[in-house]
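Geometric and topological summary
Each chain is listed here by its residues.
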Amino acid sequence: MRFGMFVPQGWRMDLVGIEPAQQWEAMVNLAKHADDGDVFDSIWVYDHFHTVPQPSGEATHEAWSLMAGFGAATSRVRLGQMCTCMAYRNPAYLAKVAATVDVISGGRTEMGIGAGWYEHEWRAYGYGFPKAGDRLGALREGVQVFRDMWTKGSATLDGKYYQVDGALCAPRPLQGTSHPGSALNGIPMWIAGGGEKVTLKIAAQYADYTNFDGSPEGFDHKSEILKGHCDDLGRDFGDIVRSANYNVVIGETDADVEDRLQFYGELLRKGGVADDKAAGAVEDLRKQPAVGTPDKIVSMFKDMEARGMTYAITYFAEAAYDRSGIELFEQTVAPELKA
């Protein structure tokens with residue numbers, strides 16, 4: 001199994017209390033920690049502008065700016081977003097941005113892409129909030145533009161949502177040209193989301209990786225739907241790596257786990273979240289599959305690996321303040337699962 005790690009960027013109120021002038025240092029030092037080790041193959045950020053579980057004045061650093069910064073500051077780990085919202089940037093422009101980050105990083109960019117969902121920030125930034133069918137239609141057209149820009153060096157598309165007329169991508173990404181990359185796309189494409197009729201069909205056609213429900217039942221069901229779309233399209237289901245995201249709360253004892261859960265609740269309260277809502281978020285986190293002692297988490301991941309989930313992207317809420325959970329994961333969980 002391969003592992004990625006989210007770097008805190010503020011979206012989940014995971015930089016609260018750190019002065020803005022010190023936040024880049026907190027982020028890049030965690031990126032370098034992952035880069036210096038051999039546990040995490042990749043680092044990840046979210047593509048959002050406003051915090052959750054509610055919008056606030058707390059920092060949320062922009063995803064692709066961070067991609068460029070991390071690309072220059074690291075040398076080994078791959079760089080992903082889970083996931084970029086297609087409608088936030090014109091796809092030809094975004095393909096150009098991703099190609100530039102690929103050059104900066106020496107061929108380490110991953111493109112995580114999805115249709116988007118956070119209505120508040122859509123409307124706040126002037127994007128409106130189209131119906132799901134239109135957001136998914138834009139996703140389908142956009143990934144076509146990505147593929148052409150990266151593999152051919154230019155794209156033309158007279159679509160319903162995007163009109164691109166000879167957009168050039170020079171330089172092309174290093175991946176697929178001078179460096180190994182996706183045979184289909186150049187830069188590896190992660191189609192995120194579990195929508196069964198449209199999103200997983202787009203994934204069956206374009207994706208190198210998928211990212212959806214990480215629970216045993218949900219993962220099995222989505223995998224079955226994806227396989228059906230692959231069969232319909234003549235795509236080898238085994239060519240697509242299936243991944244999932246996991247909120248990790250790890251401790252040597254149950255008491256240690258509880259301390260970390262309570263720390264998460266305090267972070268939310270410091271960010272302005274009401275007591276009852278923060279308590280509810282803690283209870284939701286407590287029920288998630290990667291919460292517990294190392295033995296429990298190892299057992300869960302081994303079960304998921306047997307189901308075909310071979311790439312886990314991990315999130316540690318306390319990472320900007322305390323690396324001991326990450327270090328415990330590196331020492332006790334990863335060695336039992338790393339290929």
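What counts as what
In every chain, residue numbers begin from 1 and rise along the written sequence. Confidence filtering applies because this is a predicted model: local features only for residues at pLDDT of at least 70, side-chain atom pairs given and counted only at 80 or more, and all residues used for totals across whole chains, interfaces and linings. Side-chain metrics rest on all non-hydrogen atoms present in the structure, leaving aside hydrogens and water. For two strands to be treated as a pair, DSSP must find at least two bridges joining them. We count a stretch as a helix when DSSP gives it H or I for four or more residues in a row; a strand needs E for two or more, and each element gets its number in order from the N terminus. Contacts were defined at the residue level, with two residues in contact if any of their heavy atoms lie within 4.5 Å. Angles run from 0 to 180 degrees between N-to-C directions of axes, and those axes are lines fitted to C-alpha atoms, restricted for helices to the stretch in contact. Side-chain atoms within 4.5 Å are what join buried Ala, Val, Leu, Ile, Met, Phe, Trp, Tyr and Cys residues into a set we call a nonpolar core. Per-residue accessibility, obtained with a 1.4 Å probe over protein chains only, is compared with the maximum for each type, and a residue is labelled buried under 20%, exposed over 50%, and partly exposed between these values. Distance and chemistry together define a polar contact, namely a pair of N or O atoms within 3.5 Å, with one atom able to donate a hydrogen and the other to accept it when in protein, and with adjacent residues in sequence counting only for side-chain atoms on both sides. In this analysis, the expected span of each helix is defined as 1.5 Å times one less than the number of residues it contains. UniProt positions are given in the numbering used here, feature names are shortened, and annotations may be inferred rather than shown by experiment. The rule is short: rings of Phe, Tyr and Trp, with Trp giving its six-membered ring, pair when the centres are within 6.5 Å, and they are stacked under 30 degrees, edge-to-face over 60, tilted in between. Definition used: whenever NZ (Lys) or CZ (Arg) falls within 6 Å of the ring centre and also within 35 degrees of the ring normal, the charge is taken to sit over that ring.

Identification of the protein as LLM class F420-dependent oxidoreductase from Terrabacter ginsenosidimutans is taken from an unreviewed UniProt entry.

Here we come to the sheet that holds strand β5 (residues 111–114). In spatial order, the strands read β3-β2-β1-β13-β10-β9-β8-β5-β4; together these 9 strands make up an open sheet with parallel pairing. The open sheet terminates on both sides in strands that have one partner only, identified here as β3 (78–81) and β4 (84–85). Where strand β8 (residues 189–192) meets strand β9 (residues 209–211), 3 bridges bridge the pair, whose relative direction is parallel. Each residue of the ladder has a partner; that of tryptophan 190, found in β9, is tyrosine 209. Along the sheet face, helix α10 (residues 294–307) touches β1 (2–6), β10 (241–247) and β13 (309–315) and points at about 140° away from the line of β13.

For the rest of this paragraph, the subject is the nonpolar core. In this structure, Trp150 and Phe301 are the most contacted members of the largest nonpolar core, which totals 83 residues. Here the element with the most residues in this core is helix α5 (residues 132–152); it accounts for 8 residues. Once you skip the residues sitting within four places of it in the chain, phenylalanine 301 turns out to touch Met1, Phe3, Tyr246, Met309, Ala312, Phe329, Val333 and Leu337. Counting 29 residues, the second largest nonpolar core, distinct from the first, contains Tyr209, Val249, Tyr264 and Val273.

Within the fold, arginine 260 resides in helix α8 (residues 254–270). Residue arginine 260 is classed as buried on the basis of its relative accessible area, which comes to 16%. For arginine 260, the side chain forms a polar contact with the side chain of glutamate 318, separated by 3.1 Å. Not counting chain neighbours up to four residues away, the residues in contact with arginine 260 comprise Val249, Ile250, Glu318, Asp322, Ser324 and Gly325.

Glancing now at helix α1 (residues 20–36). Think of an α-helix as turning once every 3.6 residues; residues three or four places apart then point the same way. Over its 17 residues, α1 extends 25 Å from the first C-alpha to the last, a length consistent with the 24 Å expected when each residue adds 1.5 Å. Those residues of α1 lying buried are Gln23, Ala26, Met27, Val28, Leu30, Ala31, His33, Ala34 and Asp35. For α1, the secondary structure elements touched by its buried residues are β1, β2 (40–45), α2 (63–73) and α11 (324–333).

A word on the UniProt feature "domain: Luciferase-like" (unreviewed entry) in the protein. With numbering aligned to this structure, UniProt lists the feature "domain: Luciferase-like" (unreviewed entry) at residues 1–310. Summarising residues 1–310: 45% helix, 17% strand, and an end-to-end C-alpha distance of 5 Å.

Each pair of aromatic rings is reported with the distance of its centres and the angle of its planes. Counted by the stated rule, this structure contains 26 aromatic pairs. Measuring from ring centre to ring centre gives 5.5 Å for tryptophan 122 and phenylalanine 129, while their planes differ by 85°; the resulting arrangement is edge-to-face. Looking at tryptophan 122, the relative accessible area reads 1%, which means it is buried. Judged by its relative accessible area of 21%, phenylalanine 129 falls in the partly exposed class. Between phenylalanine 212 and phenylalanine 219, the aromatic rings sit 5.5 Å apart at their centres with planes inclined by 45°, giving tilted as the arrangement. When sorted by exposure, phenylalanine 212 lands in the same class as phenylalanine 219, which is buried. In this structure an aromatic cluster arises from ring pairing among Phe3, Phe40, Tyr246, Phe301, Phe316 and Phe329. The ring centre of tyrosine 315 lies 3.9 Å from the NZ or CZ of arginine 12, which sits over that ring.

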